[in-house]
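The primary structure of each chain is shown beneath.
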Amino acid sequence: MSFPPGHLSANPLPPGIVGALGLGGYQLLADIAGVGAGRLGSQAFLLVAPEPDPALPDAGTQISLHQQRLRDEAEAAAFTQLAAQLGYMRLSGYRLAMERSGLRSKVNVVNPATGAIVARIPEKHPGRLLGGGSSASRLLADTRALPPAGPPPDTQDPELLRQVLLALALRDETLGGVEAAELADRALELSRANSALDPPAALEAAKRA
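The structure contained in this document is the topic of the report that follows. (Residues numbered from 1 in each chain as written. Predicted model: local features only at pLDDT ≥ 70, side-chain atom pairs only at ≥ 80, totals over all residues. Heavy atoms only, no water.)

**Describing the overall build of the protein**
Alright, step 1. Looking only at helices and strands, the protein has 7 helices and 7 strands in total.
Alright, step 2. Secondary structure elements of the protein, listed N to C terminal, follow the sequence α-α-β-β-β-β-α-β-β-β-α-α-α-α.
Alright, step 3. The globule rule puts the C-alpha radius of gyration for 209 residues at 17 Å, and the 17 Å found for the protein is close to it.
Alright, step 4. Considering only C-alpha atoms, the protein reaches an extent of 50 × 40 × 30 Å along its principal axes. (Helix = DSSP H or I, 4+ residues; strand = E, 2+ residues; numbered from the N terminus. Rg over C-alpha atoms; globule rule 2.2 N^0.38 Å.)

**Quick look at the nonpolar core**
Alright, step 1. Formed by 45 residues in total, the largest nonpolar core has its most connected members in I32, L46, L65, F79, L82, L86 and L165.
Alright, step 2. Counting residues per element, this core draws most heavily on helix 3 (residues 73-91), which supplies 9 residues.
Alright, step 3. Among residues more than four places away in sequence, those in contact with F79 are A37, A44, F45, L46, L65, Q67, L70 and A136. (Core = buried A, V, L, I, M, F, W, Y, C linked by side-chain atoms within 4.5 Å. Buried < 20%, exposed > 50% of the residue type's maximum accessible area, 1.4 Å probe, protein only. Contact = heavy atoms within 4.5 Å.)

**Let's talk about the packing of helix 3 against helix 5 (residues 158-169)**
Alright, step 1. One way to put it is that helix 3 packs onto helix 5 with a least axis distance of 9 Å and a crossing angle of 140°. In this structure, helix 3 crosses over helix 5, and the sense of that crossing is left-handed. Contacts between helix 3 and helix 5 involve A84, Y88 and L91 from the first element and L160, Q163, V164, A167 and L168 from the second.
Alright, step 2. When its residues are assigned to classes, the contact of helix 3 with helix 5 shows 7 nonpolar, 1 polar and no charged. (Axes fitted to C-alpha atoms, helices over the stretch in contact; angles between N-to-C directions. Left-handed = near helix turned anticlockwise from the far one by under 90°. Nonpolar A, V, L, I, M, F, W, Y, C, P; charged D, E, K, R; others polar.)

**Some points on the pairing of strand 5 (residues 95-101)**
Alright, step 1. Strand direction decides the pairing type here: strand 5 and strand 6 (residues 104-111), joined by 7 bridges, are antiparallel. Bridging from a neighbouring strand, R100 pairs with S105 of strand 6.
Alright, step 2. Two successive antiparallel strands, strand 5 and strand 6, enclose a turn made up of 2 residues, where G102 displays a positive phi of approximately 70°. (Pairing = 2+ DSSP bridges.)

**Looking at the pattern of salt bridges**
Alright, step 1. Counting across every chain of the model gives 7 salt bridges.
Alright, step 2. One network of salt bridges, with partners in common, ties together D172, E204 and K207. (Salt bridge = Lys/Arg side-chain N within 4 Å of Asp/Glu carboxyl O.)

**Some points on the pairing of strand 7 (residues 116-121)**
Alright, step 1. Where strand 6 meets strand 7, 5 bridges bridge the pair, whose relative direction is antiparallel. Its bridge partner being in strand 7, N111 is matched across the sheet by A116.

**Some remarks on the packing of aromatic side chains**
Alright, step 1. As enumerated under the stated definition, the model contains 1 aromatic pair in all.
Alright, step 2. Pairing Y26 with F45 gives two aromatic rings, centres 5.7 Å apart and planes at 75°, and the pair type is edge-to-face. Pair noted here: Y26 is in the loop between helix 2 (15-21) and strand 1 (27-32) and F45 is in strand 3 (residues 43-48), with a separation of 19 residues, a long-range link. A single burial state applies to Y26 and to F45, both of which are buried.
Alright, step 3. The positively charged end of R171 is found above the aromatic ring belonging to Y88, 5.3 Å away from the centroid. (Phe/Tyr/Trp six-rings, centres within 6.5 Å; stacked < 30°, edge-to-face > 60°. Lys NZ or Arg CZ within 6 Å of the ring centre and 35° of its normal.)

**Section: the packing of helix 3 against helix 4 (residues 136-144)**
Alright, step 1. Interhelical geometry of helix 3 versus helix 4 gives an angle of 30° and a closest axis separation of 9 Å. Accordingly, the angle class assigned to the pair helix 3 and helix 4 is roughly parallel. The interaxial crossing formed by helix 3 with helix 4 has left-handed handedness. The residues of helix 4 that touch helix 3, namely those facing A78, F79, Q81, L82, Q85, L86 and M89, are A136, S137, L139, L140, T143 and R144.
Alright, step 2. Here the contact of helix 3 with helix 4 is built from residues that sort into 8 nonpolar, 4 polar and 1 charged. (Parallel < 35°, antiparallel > 145°, perpendicular 65-115°, else oblique.)

**What to know about the side chain of Q163**
Alright, step 1. Relative to the assigned elements, Q163 resides in helix 5.
Alright, step 2. Once you skip the residues sitting within four places of it in the chain, Q163 turns out to touch F3, P4, P5, D31, I32, A33 and L91.

**With respect to the sheet that holds strand 2 (residues 35-40)**
Alright, step 1. Ordered by their spatial adjacency, 4 strands build an open sheet running 1-2-3-4, and the pairing between neighbours is antiparallel. The open sheet has two edge strands with one neighbour each: strand 1 and strand 4 (62-67). The average angle at which neighbouring strand axes cross in this sheet is 20°, direction not considered.
Alright, step 2. Note that strand 1 and strand 2 share 5 bridges and pair antiparallel. By the bridge assignment for strand 2, Q27 is matched with R39.

Structure, rendered in structure tokens:
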């Protein structure tokens, strides 16, 4: 399904989870297709809006890959890029199946064509002593290596196109969140003026402009 732009801003973490984990005042760093990255001081985490389930009508936004102590800003940037990648994957056909684990949730990335789980996001960062297999940067590399689950997102929808452009812009490690959003906005204008531009080409043209 498609989540509108700004979904996580309009549907933040439930107050009970925020209070229990001491995350009041967290900053939302990305918000693409109901997937985002949050930060509060040295803590970082993913935010994921679950796909509609009649059995759980009030599931609410959930928290995953909660890391309580970032080592540096590069590690924080990996959370934003991972959120953008998962959002893009959702837009291109993958499903994100949530699995509650206490106050947090695991995220299973599912290929709908086969029903297979192709990636797993743990509820908490395992810590350096347990290895880096579930770090944001490692998960980012693993998910980027996955093939598309379906056809590219329908870029005829302006709201959907902007989310695609923002997700792709956030892949650029030289851009911060604000710069990526500005680049996506410029690319959106160019795409509207020239429908022959696909999203990557529109971003390149926006950089040159």
